[in-house]
Amino acid sequence: EWKKVDNHTVKATMKGPNSDLPVILGTPQFKMIKDGTTDFQMPTGTGPFKLKEFKPGVRAVHTRNEHYWRDGPNVDEIETMAITDKVARTSALLSGDIELMQALDPKAIRQVEGTPGVGIWSVPSGAYFGICCMTNTSPGNNKDFVMAMKLIQRRKKILKSVLKKQGTLGNDHPINISYGTDHCSELAQREHDLDKAKFHLKKSGITSAELNVAEVAPGLTDSCLLAQREANKIGLDLKIKKVPNDGYWGAVWMKTPLNVVTWNMRPTANVMLNIAFAPNAPWNDTLWNDERMGKWLAESRAAKDPALRHELYCSMQTLINEECGMVIMAHRNYLDAKSDKIEGLSRMPLGSHGGY
């Protein structure tokens, strides 16, 4: 619970130790609102801009907040619009219709770099995309099938040819080098191995499966098509069912036996693991439930000794790598593009445009 101590101090009483608390309070998802608030249509907060207009899926207009408590803001107005088609979005930037865009298709890097007045804005991160093998139903409840799916991934080719080197290799767990010392660098990289994949697939007894794919992250569809070709080599008929982005998170993700996912990086390894891999977490993509994760997550939040903390995080990453239904092919940079007129973007790796 939270209690007011004085005009500038609140006290948090918690169920247990959590060394991540100061960081959690600074994330974009954490909001403080007046008790009893029911109207959220035109919010006025403490940020540098005030909301002037908001039409969901169309555009939002923000104007300068003259009462902002820090320096800035540095422009009078920002208009944000939804251009869901990646080609149209890039064309709008190159033509000068917009000055800043997120989620540049890696295939368009050369086009942007070859156009005067614009450039890419690439920030390494722990963001990742992958395939969710739901563990509550077939085929994801078959560990040999899941292992075969992990072993057919051409991770190096995905990084080089699909992401154009704008990322790092995935290793079937969510914590990469961007998380610093909490990354388990000693965990061996899973390699592409068709012989082992064929062994596990034969052991599973599964010969066909359908994967629902939406381009919710640049390069994800191409990576799945590459997996389909590798699956054919070991006798797995992996059908790719392309579905629209609109409505994907409500109708397909965590609803169909095999689907895809993309995650933004979170500020700490514990936050990332807790919301997506903890037992019974609402966003546990594959419904994988292992009580050891819950135990180790709680212990790591309280760990003061760096060596013990690292050991706990290595245990969790190894467990996910070996046992979870999540196939993580790659971690991607936040690859945006902007006009040369735009300056001052940060390199915060928690979201597009310098952490939003």
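Predicted model, so just to flag it, every value in this text is computed and none were measured.

This part covers a positive patch on the surface. A cluster of like positive charges, contributed by Lys157, Lys160, Lys165 and Arg229, occupies part of the molecular surface. Looking at the element boundaries, Lys160 is found in helix 5 (residues 155-162). Its relative accessible area of 57% is what places Lys160 among the exposed residues.

For the rest of this paragraph, the subject is the sheet that holds strand 6 (residues 100-101). Judged by pairing direction, the sheet is antiparallel, and its three strands sit side by side in the order 6-14-7 without closing on themselves. Where the open sheet ends on each side, the last strands, each with one partner, are strand 6 and strand 7 (118-123). Across two bridges, strand 6 lies against strand 14 (residues 334-339) in antiparallel orientation. Bridging across to strand 14, Leu100 finds its partner in Lys338.

Another aspect to go through is the nonpolar core. If you look at the biggest cluster of nonpolar residues, it comprises 75 residues, and the most contacted ones within it are Phe145 and Phe277. A per-element tally of this core places helix 4 (residues 143-151) first, with six residues. Excluding anything up to four places from it in sequence, Phe277 contacts Tyr128, Pro174, Met272, Asn284, Trp288, Met293, Ile320, Cys324 and Met326. By size, the runner-up hydrophobic cluster in this structure holds eleven residues, among which are Ile98, Ala108, Ile109 and Ala337.

Now for the pairing of strand 13 (residues 326-332). Within strand 13, seven of the seven residues are buried, leaving the element largely enclosed by the surrounding structure. Sheet analysis places strand 9 (residues 167-169) next to strand 13, joined by three bridges and oriented antiparallel. Note on strand 13: the bridge partner recorded for Gly167 is Arg332.

A few words on the pattern of salt bridges. As enumerated under the stated definition, the model contains 19 salt bridges in all. Two residues, Lys52 and Glu77, come together in a salt bridge whose shortest N-O distance is 3.8 Å. In this pair, Lys52 is assigned in strand 3 (residues 49-55) and Glu77 in strand 5 (residues 77-81), connecting sequence segments 25 residues apart. Overall, Lys52 belongs to the exposed group, its relative accessible area being 51%. Note that Glu191 and Lys156 form a salt bridge whose closest N and O atoms lie 3.8 Å from each other. Of this pair, Glu191 sits in the loop between strand 9 and helix 6 (194-204) while Lys156 sits in helix 5, and the two are 35 residues apart along the sequence. Here the residues in one salt-bridge network are Glu53, Lys55, Arg59 and Glu79, joined through shared partners.

Scanning the model with the defined rule gives one disulfide in all. Of all cysteine sulfurs in the structure, the one in Cys132 sits closest to Cys224, which takes part in no disulfide; the separation is 10 Å.

This part takes up the sheet that holds strand 5. As summarised here, the arrangement of the three strands in space is 3-4-5, forming an open sheet in which the pairing is antiparallel. At either margin of the open sheet sits one strand with a lone partner, and together these are strand 3 and strand 5. When the angles between neighbouring strand axes are averaged without regard to direction, this sheet yields 15°. The sheet contact formed by strand 4 (residues 59-64) and strand 5 spans five bridges and is antiparallel. Bridge pairing in strand 5 places Ala60 opposite Thr80.

Okay, helix 5 next. The α-helix advances 3.6 residues per turn, and as a result positions three or four apart in sequence lie on the same side. Turning to helix 5, its buried residues are Arg155, Ile158, Leu159 and Val162. Taken end-on, helix 5 shows its buried residues confined to a sector of 115°, consistent with a single buried face. Opposite the buried face of helix 5, at more than 90 degrees from it, the exposed residues are Lys156 and Lys160. Summarising the contacts, the buried residues of helix 5 are in contact with strand 8 (128-133), helix 4, strand 9, helix 7 (220-233) and strand 13. Looking at the residues trailing helix 5, positive phi occurs at Lys164, about 55°.

Right, let's talk about helix 7 for a bit. Look at helix 7: 21 Å from first C-alpha to last across 14 residues, which is about the 20 Å you get at 1.5 Å a residue. Among the residues of helix 7, Leu220, Thr221, Ser223, Cys224, Leu226, Ala227, Glu230 and Ala231 are the ones counted as buried. Looking at the residues trailing helix 7, positive phi occurs at Gly235, about 90°.

Take the packing of aromatic side chains next. Taken as a whole and assessed by the stated rule, the structure comprises four aromatic pairs. Ring centres of Tyr68 and Trp69 lie 6.2 Å apart, and the angle between their planes is 65°; on these two criteria the pair is classed as edge-to-face. Its relative accessible area of 15% is what places Tyr68 among the buried residues. Among the residues examined, Trp69 registers a relative accessible area of 61% and is labelled exposed. Through a chain of ring-to-ring contacts, three or more aromatic side chains come together here, namely Tyr248, Trp249 and Trp253.

Scoring rules and cut-offs
- Residues numbered from 1 in each chain as written.
- Predicted model: local features only at pLDDT ≥ 70, side-chain atom pairs only at ≥ 80, totals over all residues.
- Heavy atoms only, no water.
- Patch = residues over 30% accessible without salt bridge, like charges linked within 9 Å, V, L, I, M, F, W, Y side chains within 5 Å.
- Areas by Shrake-Rupley, 256 points an atom, 1.4 Å probe, with all protein chains shown as cover.
- Salt bridge = Lys/Arg side-chain N within 4 Å of Asp/Glu carboxyl O.
- Lys, Arg positive; Asp, Glu negative; His and termini not counted.
- Charge placed at Lys NZ, Arg CZ, Asp CG, Glu CD.
- Helix = DSSP H or I, 4+ residues; strand = E, 2+ residues; numbered from the N terminus.
- Buried < 20%, exposed > 50% of the residue type's maximum accessible area, 1.4 Å probe, protein only.
- Pairing = 2+ DSSP bridges.
- Core = buried A, V, L, I, M, F, W, Y, C linked by side-chain atoms within 4.5 Å.
- Contact = heavy atoms within 4.5 Å.
- Disulfide = S-S within 2.5 Å.
- Axes fitted to C-alpha atoms, helices over the stretch in contact; angles between N-to-C directions.
- Arc of directions from axis to C-beta.
- Expected span 1.5 Å × (residues − 1).
- Phe/Tyr/Trp six-rings, centres within 6.5 Å; stacked < 30°, edge-to-face > 60°.

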